[in-house]
Amino acid sequence: MTDAGDITRQLQRDGYAVIPELLSQQAVAAARGELDPLLDVAEWGSGFDGTRTKRVWAPLAVTRCLDEPALAPVVLDTVEQVIGPGAQFGITCAIQVHPGQQAQVLHYEQGIYPLPRDRDVMINTLWALDDFTADNGATRIVPGSHLRPAGKPDAAETVPVEMPAGSVLLFCGRLYHGAGANTTGRPRLGVVIDYVQPWLRPCEAHTLSASQPEVRQLPQRLQELLGPLGEITARSAQRYSAEQRPVRTAAPGPPVRPIRAPKPCNGRDTCASGVMMDRCVHRDVHNGPSSSSAAADAR
Ligand SMILES: O=C(O)CCC(=O)C(=O)O
């Protein structure tokens, strides 16, 4: 399946779609070759991420081996059809699920935003750089769960998305899913590239994770997705604004009174509170502690 219209319809109906072997085996091997050394030095995760799972966050800042999947035309067309124009990257991350890792807790990615579950604001892609199988930690999904109200489904409702290396799983930001348990002796490598509507703050600060001079050398489309060239155009702004808000001018407030610095105390004048300065409770402010205590001593 490589038609964005068909994939969009499947996403809307089932919440997910798989495009088998969209990446060539050479591209898979090249990506693995660049990611493996980064994963070797990556730390083990904890809690939600998994104690037997390693992650390389923001890989697009350090390698160009994922530009091809990140810019796959059929993926970008689908993203635009489902969540609209001007998308930017959300999370980008290489995820290596090692032997012994338990199944991840079920969740839905756009749950990071406190929004109602009545629309998709995010499309997730998970690229298999190993064959994904039921026993090596293939992502488990709950088909159709994007259309349900919030509430974690039962693990028994999940199905593993088995797919050969080079394939991509696209799923709605509302679909419940999680990495599966790896009961084999070999790690499973996948790359997550999420796309979010342009008005949302991405989970990662892509504009900071890569150096700007380097980012400026990248293809224009990649710069748009990373942020520096991203913009909410007039067209998309109209589409995303929940309502047309009138521009309000601020009501005139009381006149602003100038703030006067306190005069140094000379023991005769009155301070702003109307008290002679040598008796004023503010005298330490006017005089400084040492001179006011010197004045007290003199009395
Ligand atoms: O690696 C996977 O299969 C899914 C990981 C995931 O959903 C997550 O960490 O949010």
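Our subject is the structure listed above.
Residues numbered from 1 in each chain as written. Predicted model: local features only at pLDDT ≥ 70, side-chain atom pairs only at ≥ 80, totals over all residues.

### Here we look at unusual backbone geometry
Part 1 of the argument: Not every positive phi belongs to a glycine, and Glu21 is a case in point at roughly 45°.
Part 2 of the argument: By the secondary structure assignment, Glu21 is in the loop between strand E1 (16-19) and helix H2 (25-40). (Helix = DSSP H or I, 4+ residues; strand = E, 2+ residues; numbered from the N terminus.)

### Considerations on the pairing of strand E4 (residues 122-128)
Part 1 of the argument: With seven of seven residues buried, E4 is to be regarded as a mostly interior element.
Part 2 of the argument: Residues Met122, Asn124, Leu126 and Ala128 line one face of E4 and the alternating positions Ile123, Thr125 and Trp127 line the opposite face, and both faces are buried.
Part 3 of the argument: Where E4 and strand E9 (residues 188-196) come together, seven bridges link them in antiparallel fashion. From the neighbouring strand, Ala128 faces E9, where its bridge partner is Gly190.
Part 4 of the argument: Across five bridges, E4 lies against strand E7 (residues 168-172) in antiparallel orientation. Bridge pairing links Asn124 to Phe171 in E7. (Buried ≥ 20, exposed ≤ 12 C-beta atoms within 10 Å, placed from the backbone. Pairing = 2+ DSSP bridges.)

### A closer look at the site of the ligand
Part 1 of the argument: What surrounds the ligand is the set Ile95, Gln104, Leu126, Thr139, His177, Gly178, Ala179 and Gly190.
Part 2 of the argument: Considering only residue class, the shell around the ligand consists of three nonpolar, five polar and no charged. (Near = placed C-beta within 6 Å. Nonpolar A, V, L, I, M, F, W, Y, C, P; charged D, E, K, R; others polar.)

### Points about helix H4 (residues 73-83)
Because each turn of an α-helix spans 3.6 residues, side chains separated by three or four positions in sequence point in the same direction.
Part 1 of the argument: Every buried residue of H4 is accounted for by Val75, Thr78, Val79, Val82 and Ile83. Buried positions in H4, seen along its axis, are confined to an arc of 105° and lie on one side of it.
Part 2 of the argument: The inward-facing, buried residues of H4 contact helix H1 (4-14), E4, E7 and E9.
Part 3 of the argument: Phi turns positive one or two residues past the end of H4, at Gly84, with a value near 100°. (Arc of directions from axis to C-beta. Contact = placed C-beta atoms within 7 Å.)

### Describing the sheet that holds strand E6 (residues 159-160)
Part 1 of the argument: Across the sheet, which stays open at both edges, the three strands sit in the order E6-E5-E8 with antiparallel pairing between neighbours. Looking along the sheet, the strands with just one partner apiece sit at the ends: E6 and strand E8 (177-178).
Part 2 of the argument: Sheet topology places strand E5 (residues 140-141) next to E6; two bridges connect them, and they run antiparallel. Residue Ile141 lies in a different strand from E6, and its bridge partner there is Val159.

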